[in-house]
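Secondary and tertiary structure notes
Now for the letters of each chain:
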Amino acid sequence: MSRTFHEIEGERGVVSRYRRHPNGKGYVAVGSEVDVSAYVDPTAYVETGARIGQKARIAAGSWIEAGAVLGAGVAVGANVHVGEAAVIGRGAVIGSHSRVGARAVVSDDVHVPRDTAVPAGAALRRDGASGAAGSRVSDARYGKAA
């Protein structure tokens with residue numbers, strides 16, 4: 001990691017410190033853990049406390065919030081928002097323009113289609129079932145729950 005810090009003031013006046021990740025040059029907050037083999041696009045942000053596994057890929061404009069965990073080999077498309085403390089399992093794919101809510105869990109090898117909203121606290125499993133009482137995954141492309 002570079003020893004140069006970039007300080008960015010957020011909406012609430014809190015200043016966060018970021019370094020550029022050596023693989024991709026994306027912004028990685030101090031206090032996060034991003035494997036050196038992971039790719040973080042130069043326009044992507046990884047917040048404090050997030051953990052990104054080996055060979056994960058975070059595309060342009062994506063934002064990984066504090067405490068989120070992305071397993072090895074995860075692919076995050078462009079302009080994706082992964083909420084606070086969400087967990088994305090190994091080999092999962094999150095399609096572009098999708099939103100994964102806070103504390104949501106996407107299991108290993110699950111593919112979340114583009115333009116999909118995963119509600120806060122939801123659980124998506126490989127068999128296609130979703131957990132969390134009353135939760136539904138909405139797919140903006142079709143205007144209905146998936």
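Since the structure is predicted, the reported quantities are computational estimates derived from the model, not experimental observations.

1. Quick notes on the confidence of the model for the chain
- When pLDDT is averaged across the chain, the result is 87; 84% of the residues are at 70 or more.
- This stretch, residues 132-136, has a pLDDT under 50; its non-local contacts, to residues over four places away or in other chains, come to 9 contacts.
- In the predicted structure, residues 138-146 sits below a pLDDT of 50 and forms 20 contacts with residues beyond four places in sequence or in another chain.

2. Looking at the pattern of salt bridges
- By the definition in use, this model includes 2 salt bridges.
- One salt bridge in this structure joins R17 and E7, with 3.8 Å as the shortest N-O distance. With R17 in strand β2 (residues 15-20) and E7 in strand β1 (residues 6-9), the pair connects residues that are 10 residues apart, well separated along the chain.
- Look at R17 and you get partly exposed, because its relative accessible area is 39%.
- In this structure, D115 engages R114 in a salt bridge whose closest nitrogen and oxygen atoms are separated by 3.3 Å.
- Its relative accessible area of 22% is what places D115 among the partly exposed residues.
- Exposure remark for R114: the relative accessible area of 40% places this residue in the partly exposed category.

Criteria and thresholds
- Residues numbered from 1 in each chain as written.
- Predicted model: local features only at pLDDT ≥ 70, side-chain atom pairs only at ≥ 80, totals over all residues.
- Heavy atoms only, no water.
- pLDDT = per-residue confidence, 0-100.
- Contact = heavy atoms within 4.5 Å.
- Salt bridge = Lys/Arg side-chain N within 4 Å of Asp/Glu carboxyl O.
- Helix = DSSP H or I, 4+ residues; strand = E, 2+ residues; numbered from the N terminus.
- Buried < 20%, exposed > 50% of the residue type's maximum accessible area, 1.4 Å probe, protein only.

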